[in-house]
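Given next are the chains, with one letter for each unit.
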Amino acid sequence: MTLSQRMSQLLQSLEAGITEREFCFELTFLATILKEPVYLYGRSGSGKSLIIKRIWAAFKDGKVFIVNKRHPNFPEHLQDYGIVTFQSFDGTDEMYKKNAQIGLCYKDDYSLIITGAQRPEVALNAAEIAYKMPLIVSVPESLSSSALCSLLQDPEVQKKPSLAENIAVTAEEKKEWADKIMKITLSPDTLEIIGKIAEVCANNNIYIPIRKWIAYSNMMKAIAFFNERTETRMTDTLFLGTYMWGRNSSNKLISESFRNLLKEKLVPEELRQDAKDYDLDNLVERVEKITRKSNNRYDSILFAGEFCVTYSIVIGGEKATLYVPVRYIETSEDFHPYGDTAQQEKAIKCNFHGTTNCSIAVHASVKQTGLRGKGMRNTTNLTGPFDHFASLPTAILKGNDNDIIMQKKAKMEGIEVEIKRAAEKESRKLLELKKIYHNLNGARNDLFLYKEIFNELQDHIRKEFELTSHSITKIKEVHKLVTSIGV
């Protein structure tokens, strides 16, 4: 039986019945193997004692010394014990405080676990050991309804689990494994993630002692070791996203930053749909405009930098000339025409409604005064309704004009090039996202994998994959439309 198979059996046996607290057990177990002091925090009744009993059961003939209100004093030879556990720790209690400080002085001789219902920043600061406790494991306050029902139906859950003789950890193995774990290499990916989280902490004035970073890196090495690897990888860092950083504000900020960092690392900007260098909707709109519009040439003049048709109207006894860009003819969008000053007339709205007749609506405020009447100098932020005023035809100089046909054909050829380029780019993205997902999925069955963040990362990749697939489908539809019209 390989080490990972043995560890898998061990975890499976010890995690039975502690639904939704499995990862809390796993982090505490790793800390116990490494002799890294750990504070197991959770409200009364959250399952701390259940986790601790399973930790004790993991070690064959492991001598456990328990410090609590009834047994507050240390034995003369504390180093004779394999695990020292403080139960119901109260950082303001002088005896607890004194013993915790003594216990941390000799932490290299045994595994030290402190459990308590006081928040870490309260309990550990009061006991003056905050910077000596590198690991904090937060136990969830409640269970889901399904997990609660499962727990109530299992009468064996409170009993000490029975382990096969060949999977419980001996004291010799514990020491041997700890030595081998130190030889595991931290991968460049792992170091990059640690460095960036350290930057987040520094930029937000969150002090993380070097001792904590060493403990966290050792945890990553331990995860790689039990998965029988000689080097860590990105998924070994996922526990950094748990609430293990002390203060609640620090937990939230670091956890969110960590998750965002991993998402950006997994799916770089060039593969994200919100950062693509072309506008697919605009491409579709241009094709639809070309296909919807006729090949007519209209009586127009060059005005305000574009070809416009003109209409003369009288509003409030005042004659006004409107300049309407040809590009809006036979479309169905609202727009403001130009006035004589080459500025948009915000008090007027036009729409061709897919025809060559221009529907003109005016704001109620200009009906009596005209566009240049008193009080109408500022029409930038007009509110209220626009009332229909007129529907005027557009003068056609020539129907089915060959020059227009050739112009549209040239535009369509240019669009075809854009479509091909976009299709190739999106297809490459799709293949790359498949590869990223496949590589990440290879860690799904890893031991000590924090599934919550792992599943979140997979969902993130899957979402980008679906968005890219949708873009490709849309590009194909546009291409089909282009090839069908024969412009």
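The text that follows walks through the structure, step by step, so that each part is easy to find. (Residues numbered from 1 in each chain as written. Predicted model: local features only at pLDDT ≥ 70, side-chain atom pairs only at ≥ 80, totals over all residues. Heavy atoms only, no water.)

Oppositely charged side chains are able to pair whenever their charged atoms sit close together. Per the counting criterion, the structure on display carries 29 salt bridges. Arg6 is the partner of Glu173 in a salt bridge, and the nearest nitrogen-oxygen pair spans 2.6 Å. Here the residue Glu173 occupies a position in helix α7 (residues 171–181), and Arg6 occupies one in helix α1 (residues 3–15), the gap between them amounting to 167 residues. This pair shows no difference in class: Glu173 is buried, exactly as Arg6 is. Arg462 is the salt-bridge partner of Asp459, the closest N and O atoms lying 2.5 Å from each other. Placement of the pair is Asp459 and Arg462 together in helix α13 (residues 451–485), with a separation of three residues, close to one helical turn. Here Arg462 falls in the partly exposed class, since its relative accessible area comes to 32%. Several salt bridges share partner residues, and in doing so they unite Asp189, Glu192, Lys196 and Lys265 into one network. (Salt bridge = Lys/Arg side-chain N within 4 Å of Asp/Glu carboxyl O. Helix = DSSP H or I, 4+ residues; strand = E, 2+ residues; numbered from the N terminus. Buried < 20%, exposed > 50% of the residue type's maximum accessible area, 1.4 Å probe, protein only.)

Turning our attention to the sheet that holds strand β7 (residues 301–303). Taken together, three strands build an open sheet; the order of strands is β7-β8-β9 and the sheet is antiparallel. Where the open sheet ends on each side, the last strands, each with one partner, are β7 and β9 (318–325). Neighbour-to-neighbour, the strand axes of this sheet turn through a mean angle of 55°, independent of strand direction. Both strand β8 (residues 306–315) and β9 contribute to a ladder of eight bridges, which runs antiparallel. Across the sheet, residue Val314 finds its bridge partner in β9, namely Lys319. (Pairing = 2+ DSSP bridges. Axes fitted to C-alpha atoms, helices over the stretch in contact; angles between N-to-C directions.)

To continue, consider the side chain of Thr28. Secondary-structure assignment places Thr28 in helix α2 (residues 22–34). Residue class for Thr28 comes out buried when judged on its relative accessible area of 0%. Once you skip the residues sitting within four places of it in the chain, Thr28 turns out to touch Val38, Leu40, Ile51, Ile55, Ile113 and Val137. (Contact = heavy atoms within 4.5 Å.)

Looking at the secondary structure, you find Lys175 in helix α7. Note on Lys175: relative accessible area 55%, which makes it exposed. Residues Lys175 and Gln9, 166 residues apart in the sequence, show an inter-C-alpha distance of 20 Å.

A sheet is described by the order of its strands in space; here five strands give the open sequence β2-β3-β4-β1-β5, paired in parallel fashion. Two strands lie at the open edges of the sheet, namely β2 (64–67) and β5 (135–138), each paired on one side alone. This sheet shows a mean twist of 20° between the axes of neighbouring strands, independent of strand direction. Bridging between strand β1 (residues 38–41) and β5 involves four bridges; their strand directions are parallel. Looking across to β5, one finds that Tyr39 is bridged to Ile136.

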